[in-house]
Amino acid sequence: MDREFLALERELAVFLRRARASSGEMAREVHPDLEPAAYGLLVRLEEAGAQRGTELAGYFGVGKATMSRQLRAMEEVGLVTREPDPADGRASLVRLTGEGVARFRHVRDARRDRYMSKLAGWDRGEIAELARLLHQLNTSAES
């Protein structure tokens, strides 16, 4: 049993290292001044729509100050904007700007093309199973 978990740990470590490097490249493709974590923020905002910074911080498991700094950097380059939260006027919602959406989708589509190329020899069922298992892993990490 330990052997399987050691193999999983090793493969995840390699995967995560490559994913961090890739996210950094993707973030810089969206805008050269972005740090690697920004790409994940763009993904989340595109998928979930406008959110409070505290919600984003909780989702990614980072502190409010870290999230605030990252969002401020994205706001300064015109990728996100803040607007009053209709549910609580003291809070604000962060949403992608039109420019943010366009830049993100351009880079995301190029990334998807690279995945399709790298996984061209895989059966579609295997790709679906990998996506399902990664979703299961991510969901269990949230709880």
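Residues take numbers from 1 onward in each chain, read along the sequence in its written order. Restriction of local features to residues with pLDDT of at least 70 applies here, the model being predicted, together with a cutoff of 80 or more for giving and counting side-chain atom pairs; totals for whole chains, interfaces and linings are based on all residues. Hydrogens and water are ignored here; the side-chain numbers use all heavy atoms of the structure.

### Thoughts on the overall build of the protein
And step 1. Only runs of H or I of at least four residues qualify as helices and only runs of E of at least two qualify as strands under DSSP, and these elements are numbered from the N terminus. Within the protein one finds 6 helices and 3 strands.
And step 2. With respect to the principal axes defined by its C-alpha atoms, the protein has extents near 50 × 30 × 25 Å.
And step 3. Here the contacts in the protein between residues at least 6 apart in sequence split such that 46% fall between residues at least 24 apart.
And step 4. Under the convention used here, a 1.4 Å probe and the Shrake-Rupley method define accessible areas, while residue burial counts only the protein chains that appear. Here the protein displays about 9,900 Å² of accessible surface, and carbon together with sulfur accounts for 54% of that area. Contacts: residue pairs with any heavy atoms within 4.5 Å of one another.

### Some details on the packing of helix H2 (residues 37-48) against helix H3 (residues 53-60)
And step 1. Fitted lines through C-alpha atoms serve as axes, helices being fitted only where they are in contact, and the angles separating the N-to-C directions of these axes extend from 0 to 180 degrees. At their nearest, the axes of H2 and H3 sit 11 Å apart, and the two run at 115° to each other. In the packing of H2 onto H3, the handedness of the crossing is right-handed. Contacts from Gly40, Leu41, Arg44 and Leu45 of H2 reach H3 at Leu56, Tyr59 and Phe60.
And step 2. Throughout, the ten residues Ala, Val, Leu, Ile, Met, Phe, Trp, Tyr, Cys and Pro are labelled nonpolar, Asp, Glu, Lys and Arg are labelled charged, and all others, Gly among them, are labelled polar. By residue class, the composition of the contact of H2 with H3 is 5 nonpolar, 1 polar and 1 charged. Less than a right angle of anticlockwise turn of the near helix away from the far helix marks a crossing as left-handed, whereas a clockwise turn marks it as right-handed.

### Notes on a nonpolar patch on the surface
And step 1. A surface patch of nonpolar side chains, amounting to about 570 Å² of accessible area, comprises Phe15, Leu16, Trp122, Ile127, Leu130, Leu134 and Leu137.
And step 2. Listed by contribution, the elements that provide at least two residues to the nonpolar patch are helix H1 (2-30) and helix H6 (124-142).
And step 3. Element by element, the count of residues in the nonpolar patch is highest for H6, at 4 residues.
And step 4. Structurally, Trp122 can be placed in the loop between helix H5 (98-118) and H6. To count toward a patch, a residue needs a relative accessible area over 30% and no salt bridge; like charges are then connected within 9 Å, while nonpolar side chains (Val, Leu, Ile, Met, Phe, Trp, Tyr) are connected within 5 Å. A side-chain nitrogen of Lys or Arg and a carboxyl oxygen of Asp or Glu constitute a salt bridge if their distance falls within 4 Å.

### Quick look at the pattern of salt bridges
And step 1. Considering all chains together, one arrives at 15 salt bridges under this definition.
And step 2. As a salt-bridge pair, Glu29 and Arg114 come within 3.8 Å of each other at their nearest N and O atoms. With Glu29 in helix H1 and Arg114 in helix H5, this residue pair connects regions lying 85 residues apart in the sequence.
And step 3. Relative accessibility under 20% of the residue-type maximum defines a buried residue, over 50% an exposed one, and the middle range a partly exposed one, all with a 1.4 Å probe and only protein chains included. Overall, the relative accessible area of 43% leaves Glu29 in the partly exposed class.
And step 4. On the basis of relative accessible area, Arg114 is assigned to the partly exposed category, the value being 37%.
And step 5. The partner of Arg105 in a salt bridge is Glu46, and the shortest N-O contact between them spans 2.7 Å. Residue Arg105 is located in helix H5, and its partner Glu46 is located in helix H2; the two are separated by 59 residues in the primary sequence.

### As for the packing of aromatic side chains
And step 1. Ring pairs shown here join Phe, Tyr and Trp side chains whose ring centres sit within 6.5 Å, with only the six-membered ring taken for Trp; geometry is labelled stacked below 30 degrees between planes, edge-to-face above 60, and tilted in between. Applying the stated criterion across every chain yields a total of 2 aromatic pairs.
And step 2. Arranged with centres 5.6 Å apart and planes meeting at 40°, the rings of Tyr39 and Phe104 form a pair that is tilted. Taken together, the positions of Tyr39 in helix H2 and Phe104 in helix H5 put the pair 65 residues apart, joining distant regions of the chain. Both residues of the pair, Tyr39 and Phe104, belong to the buried class.
And step 3. Pairing Tyr59 with Phe60 gives two aromatic rings, centres 5.0 Å apart and planes at 90°, and the pair type is edge-to-face.
And step 4. In our convention, an over-ring charge means Lys NZ or Arg CZ found within 6 Å of a ring centre and within 35 degrees of that ring's normal. Across from the ring centre of Tyr59, 3.8 Å away, lies the NZ or CZ of Arg44, which sits over that ring.

### With respect to the pairing of strand S3 (residues 88-96)
And step 1. As paired strands, strand S1 (residues 51-52) and S3 are joined by 2 bridges and run antiparallel to one another. Counted as the bridge partner of Gln51 is Val94 from S3.
And step 2. Pairs of strands are assigned from DSSP output, requiring at least two bridges between the strands. Note that strand S2 (residues 80-85) and S3 share 6 bridges and pair antiparallel. By the bridge assignment for S3, Val80 is matched with Leu96.
And step 3. The loop that links S2 with its antiparallel partner S3 comprises 2 residues.

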